[in-house]
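Examination of the molecular architecture
Letter by letter, the chains look like this.
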Amino acid sequence: MPLASTPERSLLASYHLPERRFRAGAALPAPLRPIWEALRTRRTRDAQTALRHALASLPEDAAHASLRAALLYGLAATHLLDGHPSLAERYARESLTLEPRQWAAPRILLEILEARHAYEDAYLYLTERLAGPPGPAWDDPLPERHQYLAAAAWTWHIGDFEAAARFVHCAYPDGLSTMPSDLQEDCFRLALYRDQPDEAAEAAACLIINRPVESADALLQTIVHQGWTAQALPLYRSVYASDPGNELLRRRLIALCIREGIIDEARKLSSLGVLKAS
C-alpha cells in the first residue's frame, strides 16, 4: 500500500500529549511533595484528601496565591485521572486565574480538548502559550519539542498542512535526519499534500536508506506518479547502485532517463542485458 495513502499510521495522526510526571524535585514546595508523590503513583483518593485539607487551611491572600494555584491544579489532575473532565476543567481554570504563568493547568485543558477531538481549539489555545515565560517551581511545562509536535498534530487533523510542516521543523530544527522514521514519513506525506517535490525527495532520501528494494521502489513510485521524475531519478540511481543486478530498478531507471531526456544513460543501462518482461 503506498505510504501516502496510509496517514492513519502516521505519528502526527496518532499523536497524544505526553503524560504529566509530577516530579518531586528539590525546588518543589515541601507541602506539595507528598501530594505529588500520590499523584505520580495514581493514588487519587489520597491526593484529593490531602489537597482539600491543604486548601482549607491555606489563607486566601496574594502571598499564598501560587501555592493555592498548585493545589487547585492538583485537584484538576485527580479529577482528570478519575475520568471527570468537567470537574478537572473547572479546577484547572481556577488554578490558572491565580497563576497565569503556569503550564500545568493549561496542559489539563489541552488534554481535555484533545480527548474531545477539538483540535482547532486545542491548537489555538496552545499557540497562545508557545515560548511563554517560565512558570513557578511546582509547574510542569510541556517540553518544547512536544509543544511543536502537538501543534503539528492538531493542524494536521484540521487540514492545515502548511502549518503542520512548519511546526514539525520547529520541533526538529536540525532537519529530517534527526527525526524518527515515522515523522520522516509524515514529512513525505506533507510534501505530497503541499505539492512540494524537492521536500518529498529530501524525505524519501532518508526513508529509502536500509529499506528493502520493494519498499523503496513503492515509495519512489509515489513520487513518479506525481510527475516529479526529475526528483525521482537521482533517488533511483542511489537505490540501483546498492543492487545493480535488480532488473526492476534498471527498468525504472531506463524509463526515467528517457522521460528526462538522458538518452546516453538509458542506452548504457539497456546495453547491460535484455530485460525480462515485467
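Residues numbered from 1 in each chain as written. Predicted model: local features only at pLDDT ≥ 70, side-chain atom pairs only at ≥ 80, totals over all residues. Heavy atoms only, no water.

Description of the overall build of the protein chain
Rules: Strands here mean DSSP runs of E at least two residues long; helices mean DSSP runs of H or I at least four residues long; both are numbered from the N terminus. Based on C-alpha atoms, the radius of gyration is set beside the globule rule, defined as 2.2 Å times the residue count to the power 0.38. Throughout, exposure labels follow a simple rule: accessible area from a 1.4 Å probe, protein chains only, divided by the maximum for the residue type, with under 20% read as buried, over 50% as exposed, and the rest as partly exposed. Contact definition: two residues touch when any of their heavy atoms are within 4.5 Å. Accessible surface area values rest on a Shrake-Rupley calculation with a 1.4 Å probe, where residue burial reflects the displayed protein chains alone. The sign given to each residue is positive for Lys and Arg and negative for Asp and Glu; His and the chain ends receive no count. Every charge is mapped onto a representative atom, which is NZ of Lys, CZ of Arg, CG of Asp or CD of Glu.
Secondary structure assignment for the protein chain yields 14 helices and 0 strands. By the compact-globule yardstick of 19 Å for 278 residues, the protein chain is too spread out, its C-alpha radius of gyration being 26 Å. Seen along its three principal axes, the alpha-carbon backbone of the protein chain occupies a region of about 90 × 30 × 30 Å. Here the protein chain holds 278 residues, and the buried ones make up 47% of them. Look at the contacts in the protein chain between residues 6 or more apart in sequence, and 59% of them connect residues 24 or more apart. Entry remark: accessible area of the protein chain is about 14,000 Å², with carbon and sulfur atoms responsible for 52%. Mean positive and mean negative side-chain charge positions of the protein chain (30 and 35 charges, respectively) differ by 4 Å.

Some remarks on unusual backbone geometry
Backbone geometry places R42, a non-glycine residue, at a positive phi of 65 degrees. Summarising the element assignment, R42 is placed in the loop between α1 (33-40) and α2 (44-57). A relative accessible area of 36% means that R42 is categorised as partly exposed. Phi is positive for D195, close to 60 degrees, though the residue is something other than glycine. Relative to the helices and strands, D195 is located in the loop between α9 (181-193) and α10 (197-207).

Details of the packing of aromatic side chains
Let me state the cut-off plainly: Ring geometry is summarised as follows: Phe, Tyr and Trp rings, the Trp one being its six-membered ring, pair when their centres sit within 6.5 Å, and such pairs are stacked at plane angles under 30 degrees, edge-to-face over 60 and tilted between the two. Criterion for a charge above a ring: Lys NZ or Arg CZ within 6 Å of the ring centre, and within 35 degrees of the ring normal.
Counted according to the given criterion, the structure contains 9 aromatic pairs. A ring pair is formed by W156 and Y193, whose centres lie 5.9 Å apart and whose planes are at 55 degrees; its orientation type is tilted. Taken together, the positions of W156 in helix α7 (residues 144-157) and Y193 in helix α9 put the pair 37 residues apart, joining distant regions of the chain. An aromatic cluster of three or more residues is present, and its members are F22, W36, Y73 and W138. Positioned over the ring face of W103 is R129, at 5.9 Å from the centre of the ring.

Observations concerning the side chain of D217
With respect to the helices and strands, D217 occurs in helix α11 (residues 213-225). Each residue touching D217, except ones within four places of it in the same chain, is listed here: Y236, L248 and R252.

Points about the layout of surface pockets
Selection criterion: Lining residues are those with an atom within 4 Å of a point, where the points come from a 1 Å grid over the protein atoms alone and group into cavities, where a 1.4 Å probe fits but cannot get out, or pockets, open sets with protein on both sides within 12 Å along at least five of seven lines. Grid points are joined across faces, edges and corners, and a volume is the space filled by probe spheres set on the points. Residue polarity is assigned by list, with Asp, Glu, Lys and Arg as charged and Ala, Val, Leu, Ile, Met, Phe, Trp, Tyr, Cys and Pro as nonpolar; anything else, Gly included, falls into the polar class.
For the largest pocket, the calculated volume is near 310 Å³. Contributing to the lining of the largest pocket are 17 residues, with R21, F22, R23, D140 and P141 lying nearest its centre. Here the second largest pocket defines a volume of roughly 170 Å³. The wall of the second largest pocket is formed by H16, L17, P18, E19, R20, F22, R42, L80, L81, E111 and E114. By residue class, the composition of the lining of the second largest pocket is 5 nonpolar, 1 polar and 5 charged.

In short, geometric facts, not functional conclusions.
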